[in-house]
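So you can see what is in the structure, the chains are spelled out below.
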Amino acid sequence: MTDHEVQVLDDAEVRAAHTLFRAAMHHPAAQDEQWAHTRHAYVPGRTLGVRGGELLVGTTTSFPAPLTVPGRTGVPHAGVTRVGVRADHTRRGVVTELMRAQLRDLAERGEVLASLRASEAAIYGRFGYGVASRGRMLAVDRARARLHPGAPVTGEVRLLAPEELDTVVPEVYARLDPSRPGWQERSAHYWALALARYHAGDEYLVAAVHTGPAGPDGYVLYTFVREEHGRALEIRELHASTPGAQAGLWRFLLGVDLVSRITTDDPLPLDLPLELLLTDRDAVRTTAVQDEIWLRLVDVPEALAARTYEAAEPVVLSVRDRFLPANTGHYRIGQDGASRTEAAADLELDVDALAALYLGGTRPTELAEAGRLTVSTPSALPSADRLFGTGRPPWSGTFF
Ligand SMILES: CC(=O)SCCNC(=O)CCNC(=O)[C@H](O)C(C)(C)COP(=O)(O)OP(=O)(O)OC[C@H]1O[C@@H](n2cnc3c(N)ncnc32)[C@H](O)[C@@H]1OP(=O)(O)O
């Protein structure tokens with residue numbers, strides 16, 4: 001126990017919390033114009049703070065964002081963000097108490113999952129978060145990159161006028177296919193944050209929408225970055241619901257003049273078929289594979305029951321949750337669902353390792369090989385691989 005009391009901050013205190021978070025990330029306070037956008041990103045009642053005397057010393061906030069899990073869309077989920085502790089108050093347990101209070105709050109709200117994007121990989125495992133999805137960063141040599149003749153053509157790409165960006169991009173996003181595990185619904189609060197980020201600098205942000213036979217089915221947001229030998233087109237977001245939209249958006253991007261490379265700012269899906277779309281696969285370089293979703297199963301029984309499982313012999317997992325001990329227990333997982341059981345465990349793991357395999361981004365066998373999952377019944381390991389398997393790697397494409 002510590003003596004850090006966590007409080008819900010009222011609307012008048014939220015700007016101080018935002019300033020504290022920005023300082024923790026080594027940024028100056030937001031200007032009034034920027035705050036006019038960003039303040040809408042704070043959902044009332046969800047910003048927590050810890051004080052040291054009169055001073056606010058730590059903060060975090062969250063927002064509702066229903067998430068797709070294997071076999072089901074719209075599972076109650078919170079995006080956790082803007083975690084910061086004043087540099088003169090770190091390593092005294094402030095964030096530990098904030099995380100504990102926040103997870104309790106999310107559980108009371110019925111949000112069975114939470115996720116965040118981590119500034120450093122060493123912080124959140126202790127609070128039960130695990131890496132549930134990864135994506136790849138790309139650099140495409142535009143001079144070498146040509147779509148092969150069989151690449152699908154199903155529609156057209158239109159550049160948006162700058163004044164359309166704030167309205168049309170959210171409308172298109174809401175129409176896209178939500179079935180990939182990790183997909184996140186974006187509320188008005190989310191868009192307030194995203195648009196504030198886009199409008200924060202003086203960069204030239206461009207949006208283009210692909211429209212296929214059934215209407216808009218993909219979009220790309222990008223900017224331009226000066227490089228030593230020319231100019232790069234840097235993708236901020238690229239979402240495509242159909243193969244035609246994927247090919248169409250890349251065909252469009254490769255046709256933008258006065259650009260030597262196409263690069264990414266946030267990770268794209270691991271299974272993006274870009275090399276297969278091109279005549280010369282060496283035109284694409286994966287410059288990094290990055291962590292994306294850091295997931296927390298807030299309510300383990302509800303979360304395990306929320307997703308579907310593939311066909312295999314049932315297994316019994318023993319889950320340990322040191323941070324939220326009510327989740328600790330044995331769970332039977334089968335194609336017919338998941339529930340608590342008193343049966344002996346076949347496999348044993350911590351809740352952060354469970355988060356890593358929950359969306360299908362890591363196989364139980366990989367966790368066992370790394371000593372993060374203990375095997376009592378050897379035949380249960382391949383069964384668990386099949387049960388938790390998903391057809392495609394999880395990916396969100398939503399940064400916050
Ligand atoms: C989702 C997001 O918002 S990501 C952004 C997160 N914020 C930042 O990175 C801003 C800069 N950093 C900070 O504000 C703070 O250092 C925080 C939030 C990362 C940590 O806050 P603190 O109050 O110092 O953490 P706290 O004292 O509760 O630490 C708990 C444990 O985590 C460890 N820990 C905390 N931060 C780190 C870190 N960056 N690297 C390694 N270990 C860490 C502590 O050593 C401690 O370990 P122990 O329990 O074994 O002693």
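This is a predicted model, so every value here is computed, not measured.

Cut-offs used in this document
Residues numbered from 1 in each chain as written. Predicted model: local features only at pLDDT ≥ 70, side-chain atom pairs only at ≥ 80, totals over all residues. Heavy atoms only, no water. Phe/Tyr/Trp six-rings, centres within 6.5 Å; stacked < 30°, edge-to-face > 60°. Helix = DSSP H or I, 4+ residues; strand = E, 2+ residues; numbered from the N terminus. Buried < 20%, exposed > 50% of the residue type's maximum accessible area, 1.4 Å probe, protein only. Lys NZ or Arg CZ within 6 Å of the ring centre and 35° of its normal. 1 Å grid on protein atoms, 1.4 Å probe; cavity = no way out; pocket = protein on both sides within 12 Å on 5 of 7 lines; lining within 4 Å. Points joined across faces, edges and corners; volume = space filled by probe spheres on them. Nonpolar A, V, L, I, M, F, W, Y, C, P; charged D, E, K, R; others polar. Near = heavy atom within 4 Å. Polar contact = N/O pair within 3.5 Å; in protein donor to acceptor, adjacent residues only side chain to side chain. Areas by Shrake-Rupley, 256 points an atom, 1.4 Å probe, with all protein chains shown as cover. Expected span 1.5 Å × (residues − 1). Contact = heavy atoms within 4.5 Å. Pairing = 2+ DSSP bridges. Axes fitted to C-alpha atoms, helices over the stretch in contact; angles between N-to-C directions. UniProt positions renumbered as here; feature names shortened; annotations may be inferred.

Draft legend 1. Expanded view of the packing of aromatic side chains. A complete count under the given rule lists 13 aromatic pairs for this structure. Relative to Trp191, the ring of Tyr190 lies with its centre 5.9 Å away and its plane at 75 degrees, an arrangement referred to as edge-to-face. Ring plane angle 20 degrees and centroid distance 6.3 Å describe the contact between Tyr204 and Phe224, whose orientation is recorded as stacked. Separated by 20 residues along the polypeptide, Tyr204 in the loop between α5 (188–200) and β11 (206–212) and Phe224 in strand β12 (residues 215–227) bring together distant segments of the chain. Exposure remark for Phe224: the relative accessible area of 28% places this residue in the partly exposed category. An aromatic cluster of at least three residues, connected via ring pairs, comprises Phe63, Tyr173, Trp183, Tyr190, Trp191 and Phe400. Arg82 extends its terminal NZ or CZ atom over the ring of Tyr42, reaching a point 4.4 Å from the ring centre.

Draft legend 2. Just the layout of surface pockets, in detail. Of the voids in this model, the second largest pocket is the one considered here, and its volume is about 400 Å³. For the second largest pocket, the lining is made up of 26 residues, of which Gly130, Val131, Ala356, Thr362 and Leu367 are closest to its centre. Elements that contribute at least two residues to the lining of the second largest pocket include exactly β8 (130–131), α9 (351–358) and α10 (364–369). Take the lining of the second largest pocket: its biggest share by element is three residues, from α9. Looking at the lining of the second largest pocket residue by residue, the class counts come to 11 nonpolar, eight polar and seven charged.

Draft legend 3. Region of the structure containing the site of the ligand. The full set close to the ligand counts 23 residues, and Arg91, Gly93, Thr96, Ser119 and Glu120 are the nearest of them. Contact distances for the ligand include 2.6 Å between an oxygen atom and a side-chain N or O atom of Ser119. Arg126 is positioned with one of its side-chain polar atoms (N or O) 3.0 Å from an oxygen atom of the ligand. If the ligand stood free it would expose 950 Å²; the protein chains cover 75% of that surface. Put simply, the parts of the chain that give the shell around the ligand at least two residues each are β6 (77–85) and α3 (94–108). When residues in the shell around the ligand are grouped by element, the largest group, six residues, is from β6.

Draft legend 4. Expanded view of α3. Between its first and last C-alpha, α3 extends 21 Å over 15 residues, near the 21 Å set by a 1.5 Å rise per residue. If you check which residues of α3 are buried, you get Val94, Val95, Glu97, Leu98, Met99, Ala101, Gln102, Leu103, Asp105 and Leu106. Elements that come into contact with the buried residues of α3 comprise β1 (6–8), β2 (48–52), β3 (55–64), β6, β7 (113–116) and β17 (294–297). In the segment just after α3, Gly110 is the residue with positive phi, at about 80 degrees.

Draft legend 5. Layout of unusual backbone geometry. A positive phi angle is found at Arg82, which is not glycine, with a value near 50 degrees. When you line up the elements, Arg82 lands in strand β6. Given the relative accessible area of 5%, Arg82 is considered buried.

Draft legend 6. Here's a closer look at the sheet that holds β2. The seven strands are arranged β1-β2-β3-β6-β7-β17-β8 in an open sheet whose pairing can be described as mixed. In the strand order of this sheet, the two ends are held by β1 and β8, each with one partner. Note: β8 against β17, two bridges, orientation antiparallel. Note on β17: the bridge partner recorded for Gly130 is Leu295. Contacts from α3 reach β1, β2, β3, β6, β7 and β17 within the one sheet, and its direction differs from that of β3 by about 30 degrees.

Draft legend 7. Just the UniProt feature "binding site: acetyl-CoA" (unreviewed entry) in the chain, in detail. The residues that UniProt annotates with the feature "binding site: acetyl-CoA" (unreviewed entry) are Val83, Gly84, Val85, Arg91, Arg92, Gly93, Val94, Val95, Thr96, Ser119 and Glu120. Note that Val83 resides in strand β6. On the basis of relative accessible area, Val83 is assigned to the buried category, the value being 17%. Here Val83 is in contact with Phe21, Thr59, Thr60, Val95, Met99 and Tyr124, once residues within four sequence places are set aside. Following the sequence through the fold, Val85 ends up in strand β6. Given a relative accessible area of 14%, Val85 falls into the buried group. Setting aside its immediate chain neighbours within four residues, Val85 contacts Leu20, Ala24, Val57, Gly58, Thr90, Val94 and Val95.

Draft legend 8. Highlighting the sheet that holds strand β19 (residues 329–334). With respect to topology, five strands assemble into an open sheet ordered β20-β19-β18-β21-β22, the strand pairing being mixed. Because the sheet does not close on itself, it has two edges, and the strands there are β20 (337–341) and β22 (373–375). Direction aside, the axes of adjacent strands within the sheet are offset by 25 degrees on average. Where strand β18 (residues 315–320) lies against β19, five bridges are found, and the strand directions are antiparallel. Residue pairing in the sheet places Val316 in a bridge with Arg332 of β19.

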